[in-house]
Structures are given as C-alpha cells and as structure tokens.
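Listed here are the chains, written in short residue letters.
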Amino acid sequence: MRRLVLVAGAFLCFSALADNAHQPVRKWTLLDQNDKAYTLDDEAQVLLVARSMAAAKLVNAAIEDAPAGYLESRHMIYVADIEKMPSVIKLVAVPAMRSANYRILLDRDGRVAGEYNGDRESVQWLALKGGAVVQEKRFTDGAALKQAIAERPQP
C-alpha cells in the first residue's frame, strides 16, 4: 500500500511538471513611446531589455543611426523599463523618445521587465522561441551590442 501511495504521488508530481512545461508563455502588452500597443507574439525572436538610463543609452548608441524598421526587420523588440524613472524626468524623457526612429516599448510599472530577472547595469538580450526565453546574453558595451544586432540575420 505504501508503494502504491508513493508511485501515485510521484506520478502526480511528474504530471504537474509536464503540464507546466506545456503551458503557453504569458503574452503581455505594452505601449510604445507613441502610445501604440504591442503584444508579444511568436514572431518576436529577440527581446532587448534596458532597466536604466545607462542601459538605454547603450541601446540608443547601437541603433540610433539605423534606418526605421531596423529592429523589426530582425524580429527584435526593445523594452525600456521606466518604472524607477522619477515622474518629473518622465515628463521630459517620454516625449523626447518620440523622435527616435525605432520603437521603444515602455514598461511603466516594471511588470514585464521584472519577469526576465535582469540587472540595471546591462542590456539584456533574450532570444525567444514562441515567446519563451531560450537564451540570454548581457551587454555593457554599445559597440558590442551594435555588432551583435548587425550580425543578426534578417529572416
């Protein structure tokens, strides 16, 4: 009887783990700097996450000279976590972001960026497959980030 209970318990645990492995990735929606909504979809292959002004400057340095649609053509998405940005700074910074020729998804409350467990010193590069993270890199050098983006093949 004891073995039966142990086997049944183990089966239930493995079933729960298997069910969790097949659960869909949580899709999220954020507004960009122009208040246009974007919902994470299966087309996204790389998510760039900047959690500080220093990290955002690295992303900007890497793509500021690129043509419009540069990231999108590589199935890349850029999220800026602006939760910790003081409100007064947001009043100036967000309108200034509207002049960028690339899309910046604004995580105003840290709910999306917080899911990916990054740090504030680097740009997090998350390779995605079906919305799930399959690889992570971190960049603290704008030139290295620029090269990595440029080397990313266009699908």
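The structure we're discussing is the one just above.
Bear in mind that the values here come from a model prediction, so they are computed numbers and not experimental data. (Residues numbered from 1 in each chain as written. Predicted model: local features only at pLDDT ≥ 70, side-chain atom pairs only at ≥ 80, totals over all residues. Heavy atoms only, no water.)

## Structural notes on the sheet that holds strand 1 (residues 29–32)
Quick reminder of the rule: For two strands to pair, DSSP has to find at least two bridges joining them. Only DSSP runs of H or I with at least four residues qualify as helices, and only runs of E with at least two residues qualify as strands; both kinds are numbered from the N terminus onward. For helices, the fitted axis covers only the stretch in contact; all axes are lines through C-alpha atoms, and the angles between them, taken along N-to-C directions, range from 0 to 180 degrees.
Read across the open sheet, the seven strands follow the order 2-1-5-4-3-6-7; overall the sheet is mixed. One side of each edge strand has no neighbouring strand; the edge strands of this open sheet are strand 2 (37–39) and strand 7 (132–139). Strand-to-strand twist across the sheet, computed as the mean angle between neighbouring axes with direction ignored, equals 35°. Both strand 1 and strand 5 (residues 105–107) contribute to a ladder of two bridges, which runs antiparallel. Residue pairing in the sheet places L31 in a bridge with L106 of strand 5.

## Details of the packing of helix 2 (residues 53–63) against helix 5 (residues 142–151)
Put simply, the rule reads: Here the angle decides the label: under 35 degrees means roughly parallel, over 145 means roughly antiparallel, 65 to 115 means roughly perpendicular, and every other value means oblique. Handedness of each helix crossing follows the sense of rotation of the near helix against the far helix: counterclockwise by less than a right angle gives left-handed, clockwise gives right-handed. Residue contacts follow a heavy-atom distance rule, with two residues in contact if any of their heavy atoms lie within 4.5 Å. Each residue is assigned to one of three groups, with Ala, Val, Leu, Ile, Met, Phe, Trp, Tyr, Cys and Pro labelled nonpolar, Asp, Glu, Lys and Arg labelled charged, and all others, Gly among them, labelled polar.
Two numbers describe how helix 2 lies on helix 5: the axes approach to 8 Å, and their chain directions differ by 50°. With respect to their mutual orientation, helix 2 and helix 5 come out oblique. Remark: the crossing between helix 2 and helix 5 carries right-handed chirality. Together, L58, V59, A61, A62 and I63 of helix 2 and G142, L145, K146 and I149 of helix 5 make up the contact between the two elements. Classifying every residue of the contact of helix 2 with helix 5 gives seven nonpolar, one polar and one charged.

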